[in-house]
There are 2 protein chains.
Amino acid sequence: MTMSTTGGGRRRPPTIHDVAREAGVSRGTVSRVLNGGHYVSPAAQEAVNAAIRKTGYVVNRHARSLITGRSDSVGFLLTEPQERFFEDPNFNVLLRGCTSALAAHDIPLLLMIAGTPDERRRITRYITAGHVDGVLLVSSHSGDPVAAELREAGVPLVSCGKPIGPGSSASKVSYVAADDRDGARDMVRHLLSLGRRRVATVAGPLDLPGGVDRLAGYREVLAEAGLPVDEDLIVSGDYSRAGGESAAARLLDRAPDFDAVFVASDLMAQGVMSALQKAGRRVPEDVAVGGFDDSPAALTTEPALTTIRQPWDRISAEMVRVLLAQIGGEDPAAVILPTELVRRASA
Amino acid sequence: MTMSTTGGGRRRPPTIHDVAREAGVSRGTVSRVLNGGHYVSPAAQEAVNAAIRKTGYVVNRHARSLITGRSDSVGFLLTEPQERFFEDPNFNVLLRGCTSALAAHDIPLLLMIAGTPDERRRITRYITAGHVDGVLLVSSHSGDPVAAELREAGVPLVSCGKPIGPGSSASKVSYVAADDRDGARDMVRHLLSLGRRRVATVAGPLDLPGGVDRLAGYREVLAEAGLPVDEDLIVSGDYSRAGGESAAARLLDRAPDFDAVFVASDLMAQGVMSALQKAGRRVPEDVAVGGFDDSPAALTTEPALTTIRQPWDRISAEMVRVLLAQIGGEDPAAVILPTELVRRASA
DNA sequence: TCAGGCTCTGTGAGCGTTCACAGTAGAGAA
DNA sequence: TTCTCTACTGTGAACGCTCACAGAGCCTGA
């Protein structure tokens, strides 16, 4: 049960002491080289680096953390009823992007999923105990109790997406989001530029900022074009494919003469197109369809879906940048990034 | 740059010393309570627990790790050209499952993605330096240099999926996989039970164990049914939708009279169905189609795809179980889990 | 009675770092 | 020369925990 359990044998790794001996300097000097190299002579610098290479030394992060109080790691926290995000391929891009951006700083990412109450408790305790330096938060409503508790404990926190909630406290929260409203404006303008005049919309859930902002963009463009806003042309769904199908059914029922529809998510757009085609409408000839997200689903529809791409790679990079800045003592910041219209066959 | 940077104020957390003082015992006794509670009187036990609750004490994992040499964390390593896995929704189930299973043991999961050479180097160094106790590996070919290096360094490792490579060393590798061969058998038997007799197959890449085993299952069932194996009925693809389309084209060209096809992945099955339908074949009337994976794509086809479900939730749980056992000193183990036939409309 | 065993407890050492401090050497100024 | 300043280096604490050990009290059996 003690010596050499597993094959291959993990021997004791070299310590800063070994490096110091090898280089013929003291621990302190090695430490200085490791942390920026100020006040260390070129000769010592060189000797230490050579010794590090020779011994294969890697700093023991536990020992370092013990004294610095930093953990040099950050958490990636999902408080969402996770299925929703886990099925969203963009989520993967986000997760991958955050991991890479952190890796460049040599900071590991700890994945935390707050599903069950037990998990929520564990995670809260883990984070507030200081085992991570900061948290990348993915949660549609930042009124989430876990998030609130973390904020209260003063843990550096960056949300993905605009947080909902009271404006007063929200101003203190860092977040990075795509410009939902502007993306919606682009899409609706595009539909109008195609000559469509009865433009409907399937909005997202209106208790979420994304849903609200995309709908606002829709309204703005109609107003700016001098078109009346017909409330019969506005329905909303839950971002799912099935939600899109039933939304389209309602639309066909209430205002069968629409000639374009802006759908607030690609998944819903998939459902909308399927429902329209079953009802005998041709896309895009009879009804032009525009989505939002540019998910892989947008390529599997027939015809391929015109949509709005959110800059997920930039979002993840900015989240990490803002979080690290905040860990470094800077104030919370909000970042809004531009979207992009992706023209395909459905509009 | 020093005192009270961020608002909210993170004060110094209580230490084991504070708990000991509060409970009127020594550090040693508190430590014993924390680690299993052997050789400690009920009275002391109770006093310590009360003190922990009162002070809100949480163990400092860095201090603990420094002395135990364990990190009490594990890595989840992706060495794959990651797009492939990141777009596979099953991957999300796996990642989520591993996170939860580990959370139950209070072990954080570090997400590591070995994409660029720089990332590979960083990750290898991080792991071999002992910053994680073990690694959950997702990689189709375990001949991967990172994996090989980890194995050489004696790092506990569990692969997801049967590793390819020389049988001799492979026997020392832990892995958890679905029973590909048996799943394939089930599907082909199902197709035969429908009365089909010219059953084709679109195999996966034959340099991957999954591809090989699924094809082996196909051959076995034909043999056991006394049916000839017509090599014209066997083509293979790369698991992608496009690969399925071109495979179907080849099949239609070489053996146009087949009345069923077992496709080694749902994504390919999607392509196969689309190609068949474009060629005027009805599914399932003319050709019954069976997939493999039970991905969400299986629900979007028309008709819905009959397929084989891999027990991803159990796979993740087993991976964690085997890894923790191995970290605890047990020998590597291989676990094969049963699949399940999901009957839908395409067969 | 004493030896030997159990159960329980406290103490000192040490894990590998960083940090504050004290010190050295050399350059330049008085 | 002597004094100060700067550039650099070494040293002894810590950080918060676990582990090995020593020892205390008690029970059991010879």
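None of these values were measured; they are calculated from a predicted model.

The subject of this paragraph is helix H11 (residues 209-224) of chain A. Residue and element names in this part refer to chain A. Given a rise of 1.5 Å per residue, 16 residues ought to cover 22 Å, and the 22 Å separating the end C-alpha atoms of H11 matches this to within 8%. Listing the buried residues of H11 in full gives Pro 209, Gly 210, Gly 211, Asp 213, Arg 214, Leu 215, Gly 217, Tyr 218, Val 221 and Leu 222. Residues of H11 that are buried make contact with helix H10 (180-193), strand E6 (199-203), strand E7 (234-236) and strand E8 (260-263). Downstream of H11 by one or two residues, Gly 226 has phi in the positive range, about 75 degrees.

To continue, consider the protein's contact with DNA strand D. The full set close to DNA strand D counts 26 residues, and Ser 26, Arg 27 and Ser 41 of chain A together with Ile 16 and Tyr 57 of chain B are the nearest of them. Measuring from a base oxygen of DNA strand D, one finds a side-chain N or O atom of Arg 27 of chain B at 2.7 Å. In this structure, a phosphate oxygen belonging to DNA strand D sits 3.3 Å away from a side-chain N or O atom of Asn 35 of chain B. Among the secondary structure elements, those contributing two or more residues to the surface near DNA strand D are helix H2 (27-34) and helix H4 (61-68) of chain A together with helix H2 (27-34) and helix H4 (61-68) of chain B. Residues of the surface near DNA strand D, tallied by class, amount to twelve nonpolar, nine polar and five charged.

Superposition record for chain B on chain A: RMSD 0.4 Å, screw rotation 180 degrees, translation along axis 0.2 Å. When the rotation and shift are considered jointly, the pair of chain copies conforms to a two-fold rotation axis.

This part takes up the sheet that holds E6 of chain A. Residues and elements named next belong to chain A. Taken together, four strands build an open sheet; the order of strands is E7-E6-E8-E9 and the sheet is parallel. Only two strands of the sheet have a single neighbouring strand rather than two, namely E7 and strand E9 (288-290). Averaged over all pairs of adjacent strands, the angle between strand axes in this sheet comes to 20 degrees, irrespective of strand direction. Where E8 meets E9, three bridges bridge the pair, whose relative direction is parallel. The residue bridging Phe 262 from the neighbouring strand is Gly 290, located in E9. Across the sheet, helix H13 (residues 266-278) is in contact with E6, E8 and E9; its angle to E8 comes to roughly 150 degrees.

In the region of DNA strand C, 25 residues are neighbours, and Ile 16, Ser 31 and Tyr 57 of chain A together with Arg 27 and Ser 41 of chain B sit closest. Across the atoms of DNA strand C situated within 4 Å of the protein, the share located in sugar and phosphate is 59%. Within the side chain of Tyr 57 of chain A, a nitrogen or oxygen atom sits 2.6 Å from a phosphate oxygen of DNA strand C. Contacts to DNA strand C include Asn 60 of chain A, whose backbone N or O atom sits 3.4 Å from a phosphate oxygen. Listing elements by their share of the surface near DNA strand C, those giving two or more residues are H2 and H4 of chain A together with H2 and H4 of chain B. For the surface near DNA strand C, the element with the highest residue contribution is H4 of chain A, accounting for five residues. Residues of the surface near DNA strand C, tallied by class, amount to eleven nonpolar, nine polar and five charged.

With that out of the way, let us pick up the interface of chain B and chain A. Across the contact, 48 residues belong to chain B and 47 residues belong to chain A. Taking both partners together, chain B and chain A bury about 4,200 Å²; carbon and sulfur atoms supply 56% of that area. Our enumeration of links across chain B and chain A arrives at four salt bridges. Of the charged contacts in the structure, one is a salt bridge between Asp 106 of chain A and Arg 122 of chain B, with a shortest N-O distance of 3.2 Å. Sorting the residues of the side of chain B that touches chain A by element identifies H4, helix H6 (89-103), strand E2 (109-113) and helix H7 (117-128) of chain B as the ones contributing at least two each. Grouping the amino acids of the side of chain B that touches chain A by side-chain chemistry returns 20 nonpolar, 18 polar and ten charged. In the sheet, strand E2 (residues 109-113) of chain A pairs with E2 of chain B via three bridges, with the strands oriented antiparallel. In the sheet register, Leu 109 of chain A faces E2 of chain B, and the bridge partner there is Leu 111 of chain B.

Our next topic: the pairing of strand E5 (residues 174-178) of chain B. Two faces make up the sheet, and in a regular strand the side chains alternate between them. Residue and element names in this part refer to chain B. With five of five residues buried, E5 lies mostly within the body of the structure. Here E5 shows a buried face lined by Ser 174, Val 176 and Ala 178 and a second buried face lined by Tyr 175 and Ala 177. When strand E4 (residues 157-160) meets E5, the two strands line up parallel, connected through three bridges. Counterpart to Ser 159 in the pairing with E5 is Tyr 175. Both E5 and strand E11 (residues 334-337) contribute to a ladder of four bridges, which runs parallel. Within E11, the position partnered with Ala 177 by the bridge is Ile 336.

Right, let's get into the confidence of the model for chain A. Put simply, chain A has an average pLDDT of 89, and 91% of its residues get 70 or more. pLDDT under 50 marks residues 1-9 of chain A. Its contacts with residues more than four places away, or in other chains, come to five contacts.

What counts, and at which threshold
- Residues numbered from 1 in each chain as written.
- Chains lettered and ligands numbered in written order.
- Predicted model: local features only at pLDDT ≥ 70, side-chain atom pairs only at ≥ 80, totals over all residues.
- Heavy atoms only, no water.
- Helix = DSSP H or I, 4+ residues; strand = E, 2+ residues; numbered from the N terminus.
- Expected span 1.5 Å × (residues − 1).
- Buried < 20%, exposed > 50% of the residue type's maximum accessible area, 1.4 Å probe, protein only.
- Contact = heavy atoms within 4.5 Å.
- Near = heavy atom within 4 Å.
- Polar contact = N/O pair within 3.5 Å; in protein donor to acceptor, adjacent residues only side chain to side chain.
- Nonpolar A, V, L, I, M, F, W, Y, C, P; charged D, E, K, R; others polar.
- Least-squares fit on C-alpha atoms with pLDDT ≥ 70 in both.
- Pairing = 2+ DSSP bridges.
- Axes fitted to C-alpha atoms, helices over the stretch in contact; angles between N-to-C directions.
- Buried area = accessible area lost by both parts, 1.4 Å probe.
- Salt bridge = Lys/Arg side-chain N within 4 Å of Asp/Glu carboxyl O.
- pLDDT = per-residue confidence, 0-100.

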